[in-house]
Amino acid sequence: MTIVIDEEPKRMVVEAAGAKLGGGHFGIIAGPCTVESREQTLEVARVVADNGAIMLRGGAYKPRTSPRSFQGLGVEGLRLLQEAKEETGLPIVTELLDVRDVEHVAEVADVIQIGARNMQNYALLTEAGRTGIPVLLKRGLSATLAELLMSAEYVLKEGNPDVILCERGIRTFETAYRFTLDLLAVPALKEMTDLPVIVDPSHAAGRRDWVEPMSLAAAAAGADGIIVEVHPDPDAALCDGSQSLELDRFAAYSERVRQVADVVRGVGSAVL
Ligand code: PEP
Ligand code: MN
């Protein structure tokens, strides 16, 4: 399979406020699905920062299936992320849902997340590209890898070479889990492009006990990183609690995932 569609200048190693992904740099991006409160955000930020995460994730603007579900704290959520960054030093990954929010999001985000549902929102991709801030582009629910790469081109063509591709599960006939995590996307994308490729096991699994095995598998498949949801009290989470790791389990999880990534990359003492 040879698909030569990524022609724009791009970076193999994406760097955001000192954190690097790609080209041999593996990292875990962790945090709550949604910024809910100051206490929740700072608590998660402190624990993941102390346990090897390289960036903090958290949505201030949330794409919800139901318009009646919690939509995020908006500008107040961004402010809380900024505070978490100031305290922990972790770069911030947060979603840009709407072109109208680009200025607010760009003030705080070190990486702008484009969610699966917006992978083919070309106006949004263009705006994200114009900020010059690295973009984490999630694969659409039913998008092919070629379509994902074409969407990345919308960012790259604005002169923004920093795109991180993210496999987060696709829709198949299988209903036993939330989405089907397509881990073959990792080696396949690596053949098709130099851009870093990360995996989101949380949204595919939909259940926290399936998140670690899929994270280990993603690291074993050669992913450049993992983006994972973590919450201090998942049962009380306003969004995606069932798939969020409990905060007190993060340290052991992070250690195991990084060990597998080290083995695969031939770093440290363990070898294959
Ligand atoms: C998220 O990261 O919380 C999210 C909504 O992800 P996705 O766009 O992959 O569904
Ligand atoms: Mn989520």
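Residues numbered from 1 in each chain as written. Chains lettered and ligands numbered in written order. Predicted model: local features only at pLDDT ≥ 70, side-chain atom pairs only at ≥ 80, totals over all residues. Heavy atoms only, no water.

Some points on helix H6 (residues 185-192)
Inference 1: Among all positions of H6, only Ala185, Val186, Ala188, Leu189 and Met192 are buried. Angular distribution of buried residues about the axis of H6 spans 165 degrees; they occupy a single face of the element.
Inference 2: Buried-residue contacts for H6 involve helix H5 (145-156), strand E8 (163-167) and strand E9 (197-199). (Buried < 20%, exposed > 50% of the residue type's maximum accessible area, 1.4 Å probe, protein only. Helix = DSSP H or I, 4+ residues; strand = E, 2+ residues; numbered from the N terminus. Arc of directions from axis to C-beta. Contact = heavy atoms within 4.5 Å.)

Describing the packing of aromatic side chains
Inference 1: Tallying each qualifying case throughout the model produces three aromatic pairs.
Inference 2: Aromatic pair Tyr122 and Tyr154: ring centres 4.3 Å apart, planes at 20 degrees, arrangement stacked. Linking Tyr122 in helix H4 (residues 122-131) with Tyr154 in helix H5, this pair joins segments that are 32 residues apart in sequence.
Inference 3: By relative accessible area, Tyr122 is classed as partly exposed at 33%.
Inference 4: Here Tyr154 falls in the partly exposed class, since its relative accessible area comes to 28%.
Inference 5: When the centroid spacing of 5.9 Å and the interplanar angle of 40 degrees are considered together, the rings of Phe250 and Tyr253 count as tilted. Of this pair, Phe250 and Tyr253 both sit in helix H9 (residues 250-265), three residues apart, which is roughly one turn of the helix.
Inference 6: Judged by its relative accessible area of 1%, Tyr253 falls in the buried class. (Phe/Tyr/Trp six-rings, centres within 6.5 Å; stacked < 30°, edge-to-face > 60°.)

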